[in-house]
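Here is how the chains run, residue by residue.
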Amino acid sequence: VYTNDKIDFQRVINQKLSREDYLYLKEEIKEYLEENETLRSRRVAGYTYEHSATFSITTTEPWGVIFFNNMLIDPTSFATTPSRSFTEWEVLHAPNFVSKNRPEGVNNDNFVIIDFDDKKVLIAGTSYTGEIKKSIFTIMNTLLIDREVLPMHCSANANTKDGRGVNLFFGLSGTGKTTLSSDPLKFFIGDDEHGWDGNKIFNFEGGCYAKLIDLE
């Protein structure tokens, strides 16, 4: 199992779930999605040929697709194809789902489960769209390390239009990353999540994550 060698499960924050419990919840959520009207979309994470990953979402909520499409990269506007992506994932998004027989290994009705072998994310019982974003960032953060790419929670801009003189701004949410990266005298790269492969800095997302009025 991939995560056994990659994740430190001695830390309380990293919670392990049995394969049996995961498969049960996955099938239950899939049945729930089949019984309800759903929307689907497909997007790319990672503005670079070598390290882009493809994510698909199936959700019962229109706002889930709107958030997903706005956050990630439209494949038709980015010169890559699914065959070029180094990995392909599926997000099953069911904010109103409640398990009929929740396994003992799951503490609450709301949960986010990532399976690195099955390449799926289960999001249930929560309407916080950040769960979509952070699960995708967790996947990129884990897999890119194996590719000798440094994933970073930071904003970035450049001194020149051709991308030279890159500036990185690190900080927790609300500490000014977006404000600093949107300097009108610099060239914007992104405001939240980036990768550094030793040669270049690339944005995971399709632009600016933060919602700013009248930003051009």
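Residues numbered from 1 in each chain as written. Predicted model: local features only at pLDDT ≥ 70, side-chain atom pairs only at ≥ 80, totals over all residues. Heavy atoms only, no water.

Observations regarding the sheet that holds strand E2 (residues 53-59)
Argument step 1. What the five strands build is an open sheet, ordered E1-E2-E3-E5-E4; its pairing is mixed. The open sheet has two edge strands, strand E1 (39-45) and strand E4 (111-115), and neither has a second partner. Each neighbouring strand pair of the sheet contributes to a mean axis angle of 15 degrees, computed without reference to strand direction.
Argument step 2. Pairing of strand E3 (residues 88-94) with strand E5 (residues 120-124), which is carried by five bridges, proceeds in the parallel orientation. Across the sheet, the residue bridging to His-93 is Ile-123, located in E5.
Argument step 3. Helix H2 (residues 19-35) rests against E2, E3, E4 and E5 of the sheet, and its axis sits at about 65 degrees to E3. (Pairing = 2+ DSSP bridges. Helix = DSSP H or I, 4+ residues; strand = E, 2+ residues; numbered from the N terminus. Axes fitted to C-alpha atoms, helices over the stretch in contact; angles between N-to-C directions. Contact = heavy atoms within 4.5 Å.)

So, helix H4 (residues 130-146)
Argument step 1. With 17 residues, H4 should cover 24 Å at 1.5 Å per step; its first-to-last C-alpha distance of 25 Å lies within 8% of that length.
Argument step 2. Among the residues of H4, Gly-130, Ile-132, Lys-133, Ser-135, Ile-136, Phe-137, Ile-139, Met-140, Thr-142, Leu-143 and Leu-144 are the ones counted as buried. (Expected span 1.5 Å × (residues − 1). Buried < 20%, exposed > 50% of the residue type's maximum accessible area, 1.4 Å probe, protein only.)

So, the environment of Gly-163
Argument step 1. By the element assignment, Gly-163 lies in the loop between strand E6 (150-158) and strand E7 (166-170).
Argument step 2. Residue class for Gly-163 comes out partly exposed when judged on its relative accessible area of 35%.
Argument step 3. Sequence spacing of Gly-163 and Phe-202 is 39 residues, and the spatial spacing of their C-alpha atoms is 10 Å.

Focus: the packing of aromatic side chains
Argument step 1. This structure, assessed with the given rule, holds five aromatic pairs.
Argument step 2. Consider the rings of Trp-89 and Phe-116, whose centres lie 5.4 Å apart with planes at 85 degrees: the pair is edge-to-face. Here the residue Trp-89 occupies a position in strand E3, and Phe-116 occupies one in the loop between E4 and E5, the gap between them amounting to 27 residues. The burial state of Trp-89 is the same as that of Phe-116; both residues are buried.
Argument step 3. Seen from their ring centres, Phe-137 and Phe-204 are 6.1 Å apart, and the 45 degrees between their planes marks the pair as tilted. Of this pair, Phe-137 sits in helix H4 while Phe-204 sits in the segment after strand E10 (201-203), and the two are 67 residues apart along the sequence. Of the two residues, Phe-137 and Phe-204, neither departs from the other in class, the shared state being buried.
Argument step 4. Ring-pair connections join several aromatic residues into one group, and the members of that group are Tyr-2, Trp-89 and Phe-116.
Argument step 5. Geometry around Phe-9 places Lys-16 over its ring, the cationic atom sitting 4.6 Å from the centre.
Argument step 6. Above the ring of Phe-86, the side-chain terminus of Arg-147 is found at 4.2 Å from the ring centroid. (Phe/Tyr/Trp six-rings, centres within 6.5 Å; stacked < 30°, edge-to-face > 60°. Lys NZ or Arg CZ within 6 Å of the ring centre and 35° of its normal.)

Digging into a nonpolar patch on the surface
Argument step 1. Taken together, the side chains of Ile-145, Leu-150 and Trp-196 make up a nonpolar region of the molecular surface, amounting to roughly 290 Å² of accessible area.
Argument step 2. Its location among the elements puts Trp-196 in strand E9 (residues 193-196). (Patch = residues over 30% accessible without salt bridge, like charges linked within 9 Å, V, L, I, M, F, W, Y side chains within 5 Å. Areas by Shrake-Rupley, 256 points an atom, 1.4 Å probe, with all protein chains shown as cover. Salt bridge = Lys/Arg side-chain N within 4 Å of Asp/Glu carboxyl O.)

What to know about the nonpolar core
Generally speaking, a soluble globular protein has its nonpolar side chains buried in company with each other.
Argument step 1. Core analysis: the biggest nonpolar cluster contains 23 residues, and Phe-55, Ile-132, Ile-136 and Met-140 have the highest contact counts within it.
Argument step 2. Going through the elements one at a time, E2, helix H3 (62-71), E3, E5 and H4 are the ones with two or more residues in this core.
Argument step 3. Among the elements that take part in this core, H4 stands out by supplying seven residues, more than any other.
Argument step 4. Once residues lying within four places of it in the same chain are set aside, the contact partners of Met-140 are Ala-45, Gly-46, His-51, Ala-53, Phe-55 and Phe-204. (Core = buried A, V, L, I, M, F, W, Y, C linked by side-chain atoms within 4.5 Å.)

Digging into the pattern of salt bridges
Argument step 1. Overall, the coordinates contain 14 salt bridges when judged by the stated rule.
Argument step 2. Asp-146 is paired through a salt bridge with Lys-6; the nearest N and O atoms lie 3.1 Å apart. Of this pair, Asp-146 sits in helix H4 while Lys-6 sits in helix H1 (residues 2-6), and the two are 140 residues apart along the sequence.
Argument step 3. Residue Lys-6 is classed as partly exposed on the basis of its relative accessible area, which comes to 43%.
Argument step 4. Where salt bridges share partners, they join Lys-133, Lys-134, Asp-192, Glu-193 and Glu-205 into one cluster.

A few points about the side chain of Lys-133
Argument step 1. If you trace the backbone, Lys-133 turns up in helix H4.
Argument step 2. Here Asp-192 takes part through its side chain, which lies 2.6 Å from a polar atom of the side chain of Lys-133.
Argument step 3. Discounting residues that sit within four places of it in the chain, Lys-133 has contacts with Phe-67, Met-71, Asp-192, Glu-193, Glu-205 and Tyr-209. (Polar contact = N/O pair within 3.5 Å; in protein donor to acceptor, adjacent residues only side chain to side chain.)

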